[in-house]
Amino acid sequence: MAGIIDGKAIAETIRADVAAGVAALTAAGGAVPGLAVVLVGDDPASLVYVGRKIAQTRQAGIRSFEHRLPAETGEEELLGLIERLNRDDEVHGILVQLPLPPQIRAERVLDAIDPIKDVDGFHPVNVGRLSIGTDGLVPCTPLGCMLLLETVIDDFRGLKAVVIGKSNIVGKPVAMLLLERECTVTVTHILTRNLPDIVRTADIVVVAAGSPGLVRGEWVKPGAVVIDVGINRVGEPGKGGRLVGDAAFEELGHARAITPVPGGVGPMTVACLLRNTLLAARKQQGADASPKKGA
Ligand code: NAD
């Protein structure tokens, strides 16, 4: 039987570590970390995600600043808010929930966030830092994938990793992180030829395709580790509908370890958002967050 990588439990540990880090920062005289969450419109899935992020932010002792704007908000108005948040000393992290309504160019908005407050790690400066392997804010889901892999792999050097999906939010950044750990990385996508043959060479498979059950048992070599990022709803809610991943979980008993869906990568994303917020707050207050004079 494949080992199950319990993302829910690992995420809980990360959140507890963040809460301890927040307490230590404030005990040393630092400011309480603050996260601004901006939601434009009322997309039901976004409302659920944002609600979860805000609740867990508060539980970790991080201040949460919620900005809910109507769906018809203009680009300039949103950019004005980002500008104010960039200047606000109480805000150390800024998260703009995607997708944005069609009249707003997400690229312009993400580019406007101060890179030091870019806790999603989507700003070109942070993308660049990731690609050259210097210190920056790393996107939350790929960071979560790496933290899960670290629970089962001690030494990444020379391992063959295959990433399925080349999105900017998961596939590309997770490939960069694996490369940074000296894996030999192949990034694949919808037009990749002979995908099963490529996956069969992998010691590590990270799949983020949004295609239910794409990775079949016969694609995965015995002893490989599978990180399933996919979240797909199959069937109707309340009528046997459920969430499934991009890997055919029940066919992967011969893997060394696999993440379940739900309960694998999903909970790690918010935990890593909190981790990034603490990191950003520490950096903005000086690396050692020394007590302020007179404090
Ligand atoms: P995306 O649609 O932006 O990109 C999907 C990528 O997969 C593309 O590069 C596409 O070429 C590739 N792809 C699609 N079908 C394929 C196939 N049959 N064979 C090979 N490649 C294929 O998606 P995304 O935003 O990266 O998200 C991917 C999945 O991960 C989705 O199910 C999404 O819900 C999930 N996701 C989960 C989390 C989380 O917190 N767990 C976070 C982000 C995304």
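Report on the accompanying structure. Quantities reported herein were computed from a predicted structural model and do not represent experimental measurements. (Residues numbered from 1 in each chain as written. Predicted model: local features only at pLDDT ≥ 70, side-chain atom pairs only at ≥ 80, totals over all residues. Heavy atoms only, no water.)

**Some words on the overall build of the protein chain**
Looking only at helices and strands, the protein chain features nine helices and eleven strands. Compactness check: the protein chain gives a C-alpha radius of gyration of 20 Å against a globular reference of 19 Å for 295 residues, within 12% of the reference. Its C-alpha atoms give the protein chain principal-axis dimensions of roughly 60 × 45 × 35 Å. Counting across all 295 residues of the protein chain, residues that qualify as buried make up 47%. For the protein chain, restricting intrachain contacts to residue pairs at least 6 apart in sequence, the fraction spanning at least 24 positions comes to 70%. Surface summary for the protein chain: the accessible area is close to 14000 Å², and the carbon and sulfur share equals 54%. One finds the centroid of the 31 positive side-chain charges in the protein chain at a distance of 1 Å from the centroid of its 34 negative side-chain charges. (Helix = DSSP H or I, 4+ residues; strand = E, 2+ residues; numbered from the N terminus. Rg over C-alpha atoms; globule rule 2.2 N^0.38 Å. Buried < 20%, exposed > 50% of the residue type's maximum accessible area, 1.4 Å probe, protein only. Contact = heavy atoms within 4.5 Å. Areas by Shrake-Rupley, 256 points an atom, 1.4 Å probe, with all protein chains shown as cover. Lys, Arg positive; Asp, Glu negative; His and termini not counted. Charge placed at Lys NZ, Arg CZ, Asp CG, Glu CD.)

**Some words on the site of the ligand**
Near the ligand there are 21 residues, and of these Lys 166, Ser 167, Ile 190, Ile 231 and Thr 269 occur at the shortest range. Contact distances for the ligand include 2.9 Å between an oxygen atom and a backbone N or O atom of Lys 166. The contact in question runs from an oxygen atom of the ligand to an N or O atom on the backbone of Val 229, over 3.5 Å. Protein coverage of the free-state accessible area of the ligand, which is 860 Å², stands at 72%. (Near = heavy atom within 4 Å. Polar contact = N/O pair within 3.5 Å; in protein donor to acceptor, adjacent residues only side chain to side chain.)

**Topic: the packing of helix 6 (residues 140-150) against helix 9 (residues 265-284)**
Pairs of packed helices are described in terms of their axes, by the angle between the two and the distance that separates them. The N-to-C vectors of helix 6 and helix 9 enclose an angle of 110°; their axes lie 8 Å apart at closest approach. Between helix 6 and helix 9, the angle falls in the class roughly perpendicular. When helix 6 is examined against helix 9, the residues Cys 140, Thr 141, Leu 143, Gly 144, Cys 145, Leu 147 and Leu 148 are found in contact with a partner set consisting of Val 265, Met 268, Thr 269, Cys 272, Leu 273, Arg 275 and Asn 276. Here the contact of helix 6 with helix 9 is built from residues that sort into nine nonpolar, four polar and one charged. (Axes fitted to C-alpha atoms, helices over the stretch in contact; angles between N-to-C directions. Parallel < 35°, antiparallel > 145°, perpendicular 65-115°, else oblique. Nonpolar A, V, L, I, M, F, W, Y, C, P; charged D, E, K, R; others polar.)

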